[in-house]
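This is what each chain is made of:
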Amino acid sequence: MKRTLQYFGQACAYALFAALLGYFSTSPAYQQLPDDYALVKLSFSHAAQRKHPCRERSAEELAKLARNMRIAKDCPRERSNVVVELEMDGQPLYHVVLPPSGLAHDGVSSVYRRLPVRAGTHRFVVRLKDTEQGGFGYVREESVSLEAGRVLVIDFKADAPGAGGFVFH
Amino acid sequence: MIRLIQRFSQFVMLRVENSLNHVFRAELNPLYQLGAIAYFLFWMVAVSGLYIYAFYRTGVHEAYSSVESLTHGQWYLGGIMRSLHRYASDGMVLTMLVHMWRNFAMNRLSGFRAFSWYTGLVLLLLLYVSGINGYWLVWDQLAQFIAVASTEWLDWLPIFSNPLVRNFLLQESVNDRFFSLLSFAHIGTPLVMLALITVHTQRVSGARTQPSRQIAIGVVVTLLVLALVKPAVSQARADLASVAAQINLDWFFLMSYPLIYKWSPGQLWALGGGVMTLFLLLPVLARTRHTAGSFQITTVPSARSFSTKPGETILEAAIRQDVLLAYGCRDGACGTCKGSVLRGEVDYGIYQAHALSEQEKRAGKALFCCATPLSDLEIEYFENESLKQAPARTMGCRVETMRRVAPDVMVLLLRPLTAGALKFFPSQHIDILLDGGGRRSFSFANALGETECIELHVRRIPGGRFTSHVFTQMKTGDTLRFEGPLGTPFVDDDRDSPIIFVAGATGFAPVKSILEHAFHTGSKGRKWLYWGARSPSDLYDIQRPERWQREHPNFMFVPVLSAPLPEDHWQGRVGLVHEAILQDFPDLSGFRVYACASLQMVQAARPAFLAHGLSESACFSDAFLMSTHPAAQPAEPRPLK
């Protein structure tokens, strides 16, 4: 009788082990996005314009430099911040000021932003400013129909064909 | 706070262990072999992984297709292998986490164990890296979620000028070479783990790296059943242009992933960093008095000396320095390692209450597998160098002959299936390993070197699982498995002084082994054998000691019956065997006594012998339990205290 109970206990222990593994290897399900939502991903890497324009060195300045350093133009390395605005259906969805990377602030400005939005047709306006002076140099407006679970990627390429350099995937 | 959590964990763990001791018995308790089970699961993962890899194709499109084909096209093997791969990996996480928790609860993480603690932490991290990496390989929606979430989490670190997650923005961002890289990492990481496992166990003396056979079989069968009942399957093919609202997560590996979105990547980094810092500090925070110093341990009467490292138990130090102390579970449950501390102070450690009573502690006993010295110690130890020549092995044997010498006694001759004679010493025993778990101990009845067979005297116990089998079903040619030789031999280190052997029923077996060995080696000391039994038929081999008496002038044989019937016409001594001895030897000073009988008989005889002048150090016993209880085993021969 005792042995039977022992075998039963062992079977229970193994069953518990199996149940733990079997259940938690897939359950409970994780809801990463509400059922009627889509996802907008705004992401790009872009090198902004230089913060200060290049200037011509004078003859005196050039003379003071070592022979191998005598370059006519003096171009400060630091770049401007990149400012991005994203609107959806006339409402601001995201706004960010992206500093340039690197110790000398001369690298690219990067952004990745994940924005869950309700599924449906939306009008997006996205703007980018990459200079110290002036307004948004790049603007794109687009109406997009987003099904639930779809991902809209908004990328930016300064040399992309079409207006504004923004690319909607 | 840490101490409070530790004490609570200890409270819970000891109770769970105790419950499992009842279910599995101490020697098979899975909680006592968690590290070994994790190691075993590692091999399951490795073998199943190699099979899967043979069919896996490294490519954006081929990865998913090849895994699907394996899962459904050959569900009977490939599918099962995939399921085993997943569940064994999950099992590794579970066993490693419980292993860590148990070591924390039992405070086995300070001193020299800190090394194993830290390497264990690295192993756990590598397991997570390898497991998460493995999920990417399938390239289904779960893989997509993990890829995106992992890179989003990593991008929080201010070290990437270009976000890593941009590699998973668009379908065309992922290329075939990426999967070659993932495969390389998924094979390389376990190789590093394998090397580290070796390092991890290196600092612990005699660390167990293989679970017991029954547990290994139990784990394999459990995972196989699970693989059939709930096969591991992929989710929908990855598509970076969409996102699945619901994901079936493997919570063993991915428990922290939802926090990336529930909180933020930065907060998850903070949590991970905090937990890791706590784990790194635990060995320091949990440091106690018993983990602070190194001490010297000397043994008597066999003069050996060895040292302990801070936090090391007496048994661990002994194993490390080749002092052969007896042990079983090594977790304070079976009591095999119980011994006497003659001088010095110990921390008794954490053990099951039934394994060491308060009375035994007051009498100077300790469980050497749990006790750590608090000062230099002197412990009792009987060394036999020759034990090293007869290491215990597990092997098969064939039943060579069966001879029923009494209605309830069978003499078995077993021939080991491994080539060469089995080395053993008188009064050692073997454990017969029963199918489905359990073991039964029987003393060697033949003398060292007498034959290549093992002689056992098996007495039928009503309801006994093995002994009933011997008497009703066993036949010549059957095979058995056993482990042995086990137990400390009886050392006749004073061969010329008089010795009295007391045998009860089949307790004659080890006495026969000792005496035949003594006659063979020409021992000249005077010897008496008092063989006690209830009826004449219990003296199943009486002709043998009678013959010895005729052949050896230094040997005397006295059979004693406790309950002879008139029809037995018994002419010899009547009464309890130890009383017969005391009638013949009112003064036992200068004698040695070796008693091999039931526990009750030994317990009755010992105080009587001591009261008649027998020195404690000259009183040896090999007491056994005649019961159907699966844990019934003969005690080690040792001076009775």
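This one's a predicted model, so the numbers in the text were calculated from it and none came from an experiment.

Undergrad: Can you help me understand the sheet that holds strand S13 (residues 454–459) of chain B in this one?
TA: Within a sheet, neighbouring strands are paired by backbone hydrogen bonds and run either parallel or antiparallel to one another. All names here are of chain B. The strand order across the open sheet built from six strands is S12-S11-S14-S9-S10-S13, with neighbouring strands paired in antiparallel fashion. The open sheet is flanked by strand S12 (439–443) and S13, the only strands paired with a single partner. Between one strand and the next, the sheet's axes are offset by a mean angle of 40°, whatever the strand orientation. Here helix H14 (residues 465–472) sits on the sheet in contact with strand S10 (409–416), strand S11 (429–433), S12 and S13, set at roughly 100° to S13.

Undergrad: Teacher, can you tell me more about the nonpolar core here?
TA: For soluble globular proteins, nonpolar side chains are generally found buried alongside one another. Residues and elements named next belong to chain B. Judged by nonpolar contacts, the single largest core of 84 residues is most densely connected at Leu41, Met92, Ala143 and Ile146. A per-element tally of this core places helix H2 (residues 34–55) first, with ten residues. In terms of nonpolar packing, the next biggest core, distinct from the first, is built from 63 residues, Phe508, Ala518, Trp531 and Val593 among them.

Undergrad: Teacher, can you tell me more about the pairing of strand S19 (residues 592–596) of chain B here?
TA: The side chains of a regular strand alternate, residue by residue, between the two faces of the sheet. All names here are of chain B. Within S19, five of the five residues are buried, which leaves the element mostly enclosed by the surrounding structure. The two faces of S19 match: Arg592, Tyr594 and Cys596 on one face and Val593 and Ala595 on the other face are all buried. Of the strand pairs in this sheet, strand S15 (residues 499–504) and S19 are connected by five bridges, and their pairing is parallel. Pairing of Val502 across the sheet is with Ala595, part of S19. Relative to strand S20 (residues 619–621), S19 runs parallel, the two being bridged by three bridges. From the neighbouring strand, Val593 faces S20, where its bridge partner is Cys619. Each parallel crossover has a hand, and the one from S19 via helix H18 (residues 599–611) to S20 is right-handed.

Undergrad: When you look at the confidence of the model for chain B in this model, what are you seeing that I'm missing?
TA: It should be kept in mind that the predicted coordinates are not to be read in detail where pLDDT is low. Residue and element names in this part refer to chain B. Looking at chain B, the pLDDT average stands at 87 and 92% of residues meet or exceed 70. When pLDDT is averaged over each helix and strand of chain B, the minimum, 36, is found for strand S21 (residues 638–639) and the maximum, 97, for helix H9 (residues 251–254). This stretch, residues 626–641, has a pLDDT under 50; its non-local contacts, to residues over four places away or in other chains, come to 44 contacts. Confidence metrics for the complex model read pTM 0.70 and ipTM 0.89.

Undergrad: Which parts of the structure should I look at to understand the sheet that holds strand S6 (residues 91–98) of chain A?
TA: Residues and elements named next belong to chain A. Pairing in this open sheet of four strands is antiparallel, and the strands run S6-S5-S8-S9 from one edge to the other. The outermost strands of the open sheet, each flanked by one partner alone, are S6 and strand S9 (138–146). Mean inter-strand twist for the sheet, computed between neighbouring axes without regard to direction, equals 15°. Where strand S5 (residues 82–88) lies against S6, seven bridges are found, and the strand directions are antiparallel. Looking across to S6, one finds that Leu86 is bridged to Tyr94.

Undergrad: I tried to follow unusual backbone geometry on my own but got confused; where do I start?
TA: The step from Ser27 of chain A to Pro28 of chain A runs through a cis peptide bond, and the omega angle for that step is -10°. Note that the residue after Gly484 of chain B, namely Pro485 of chain B, is joined by a cis bond; omega there is 0°. You can see Pro485 of chain B is positioned in strand S14 (residues 479–486). With a phi angle near 50°, Asp89 of chain A is a residue other than glycine that sits in the positive phi range. Here Asp89 of chain A lies in the loop between S5 and S6. Using a count of 13 C-beta atoms within 10 Å as the deciding quantity, one classes Asp89 of chain A as partly exposed. Phi is positive for Trp139 of chain B, close to 55°, though the residue is something other than glycine. Along the polypeptide, Trp139 of chain B turns up in the loop between helix H5 (113–138) and helix H6 (141–154).

Calculation rules
- Residues numbered from 1 in each chain as written.
- Chains lettered and ligands numbered in written order.
- Predicted model: local features only at pLDDT ≥ 70, side-chain atom pairs only at ≥ 80, totals over all residues.
- Pairing = 2+ DSSP bridges.
- Helix = DSSP H or I, 4+ residues; strand = E, 2+ residues; numbered from the N terminus.
- Axes fitted to C-alpha atoms, helices over the stretch in contact; angles between N-to-C directions.
- Contact = placed C-beta atoms within 7 Å.
- Core = buried A, V, L, I, M, F, W, Y, C linked by C-beta atoms within 7 Å.
- Buried ≥ 20, exposed ≤ 12 C-beta atoms within 10 Å, placed from the backbone.
- Right-handed = clockwise from strand over helix to strand, strands pointing away.
- pLDDT = per-residue confidence, 0-100.

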